[in-house]
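Chain and residue survey
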Amino acid sequence: MDIEIVKVGMADLNSALHPCMITTLGLGSCVGVALYDSKTKVSGLAHVMLPCSEQAKNNSNIAKFADTAIVKLVEDMVKLGAKRERIVAKIAGGAQMFVFNGGSDLMRIGHRNVVASKEKLAELNIPIISEDTGGNYGRTIELYSEDGRLMIKTIGFGVKQL
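Everything numeric here is computed off the predicted structure, so don't read it as measured data.

The subject of this paragraph is the pattern of salt bridges. In this structure the tally under the stated criterion is 8 salt bridges. Salt-bridge contacts for Asp37 lead to Arg86; the nearest nitrogen and oxygen are separated by 2.9 Å. You can see Asp37 sitting in strand S4 (residues 31-37) and its partner Arg86 sitting in the loop between helix H1 (66-79) and strand S6 (87-93), a full 49 residues away along the chain. Here Asp37 falls in the buried class, since its relative accessible area comes to 0%. What makes Arg86 partly exposed here is its relative accessible area of 27%. Here Asp147 and Arg149 are joined by a salt bridge, their closest N and O atoms 2.9 Å apart. A network of salt bridges, in which partner residues are shared, links Asp132, Arg139 and Lys160.

Core analysis: the largest hydrophobic core is formed by 23 residues, its most contacted members being Val33, Leu35, Ala46, Met77, Ile87, Leu121 and Ile126. Elements supplying a minimum of two residues to this core: S4, strand S5 (43-48), H1, S6 and helix H2 (109-123). Among all residues touching Val33, those that are not within four sequence positions of it are Gly44, Leu45, Ala46, Val48, Ile70, Leu73, Lys90, Ile91, Ser117 and Leu121. Grouped together as the second largest cluster of nonpolar side chains are 15 residues, Ile22, Leu45, Ile141 and Leu162 included.

In this section: the sheet that holds strand S7 (residues 128-133). Within a sheet, neighbouring strands are paired by backbone hydrogen bonds and run either parallel or antiparallel to one another. Sheet architecture is open: 5 strands sit in the order S2-S5-S4-S6-S7, paired in mixed fashion. The open sheet has two free edges, formed respectively by strand S2 (12-16) and S7, since each of these has just one partner strand. Pairs of neighbouring strands in the sheet enclose a mean axial angle of 10 degrees, with direction left out of account. With 5 bridges joining them, S6 and S7 adopt parallel strand pairing. Paired with Ala92 across the two strands is Asp132, which belongs to S7. Where H2 meets the sheet, it contacts S4, S5, S6 and S7, and its direction lies at approximately 25 degrees from that of S4.

With that settled, the discussion passes to the sheet that holds strand S8 (residues 139-144). In space, the 5 strands of this open sheet follow the order S1-S3-S8-S9-S10, with mixed pairing throughout. With partners counted over all chains shown, the strands left at the sheet margins are strand S1 (4-8) and strand S10 (158-161), one partner each. Geometrically, the sheet is characterised by an average inter-axis angle of 20 degrees between neighbouring strands, direction not taken into account. As paired strands, strand S3 (residues 20-27) and S8 are joined by 5 bridges and run antiparallel to one another. Pairing of Thr23 across the sheet is with Glu142, part of S8.

The rules we used
- Residues numbered from 1 in each chain as written.
- Predicted model: local features only at pLDDT ≥ 70, side-chain atom pairs only at ≥ 80, totals over all residues.
- Heavy atoms only, no water.
- Salt bridge = Lys/Arg side-chain N within 4 Å of Asp/Glu carboxyl O.
- Helix = DSSP H or I, 4+ residues; strand = E, 2+ residues; numbered from the N terminus.
- Buried < 20%, exposed > 50% of the residue type's maximum accessible area, 1.4 Å probe, protein only.
- Core = buried A, V, L, I, M, F, W, Y, C linked by side-chain atoms within 4.5 Å.
- Contact = heavy atoms within 4.5 Å.
- Pairing = 2+ DSSP bridges.
- Axes fitted to C-alpha atoms, helices over the stretch in contact; angles between N-to-C directions.

This is the structure:
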C-alpha cells in the first residue's frame, strides 16, 4: 500500500487520513506536537515555534504558536473524522540549542515551548502518552498513521521510536 508523505514546515501544521506519514525536519527549540486517533487513524502534526500568540506582535500565523496551533490541529483532525476524546499526543523537540550566560527564562525558548504545548494539551484533555524533549540537539520526526508510532531521528543519537 502506498502511503502519502505529508511534509510540515516550520511554523506549520497538517493532518491527514490513513495511510500517511507526516514528517517535520529540524526541530531545535521548536516542538513537534503529534496527535493521533487510533480508531480512525487520522493523524496530525504541528511544528510549534513559539509558546504564546498573545505575546507576539505578528500573530497572524496560528500554526506558529503552541496555544493556537494545537487547537487548530484538533479542529482539522475532527473534520477528517477523528473523535476529540480519542486523540492522544506525543511531543518531541524543545531543545536548548544555544547556551546563554545569565540563564534568562526568556531565552529558554525550547523549555517554554514544551511547557506551553503541555498546558494547551491538558486544557483540551488530550493525554500525552510519550515525549522526547529537551537536550541540546535537533530532531526530525515522522508520525505513521498505521499505528501512531513517532520515529525520532537525531544526528549523533540515531533513531528512537515513541
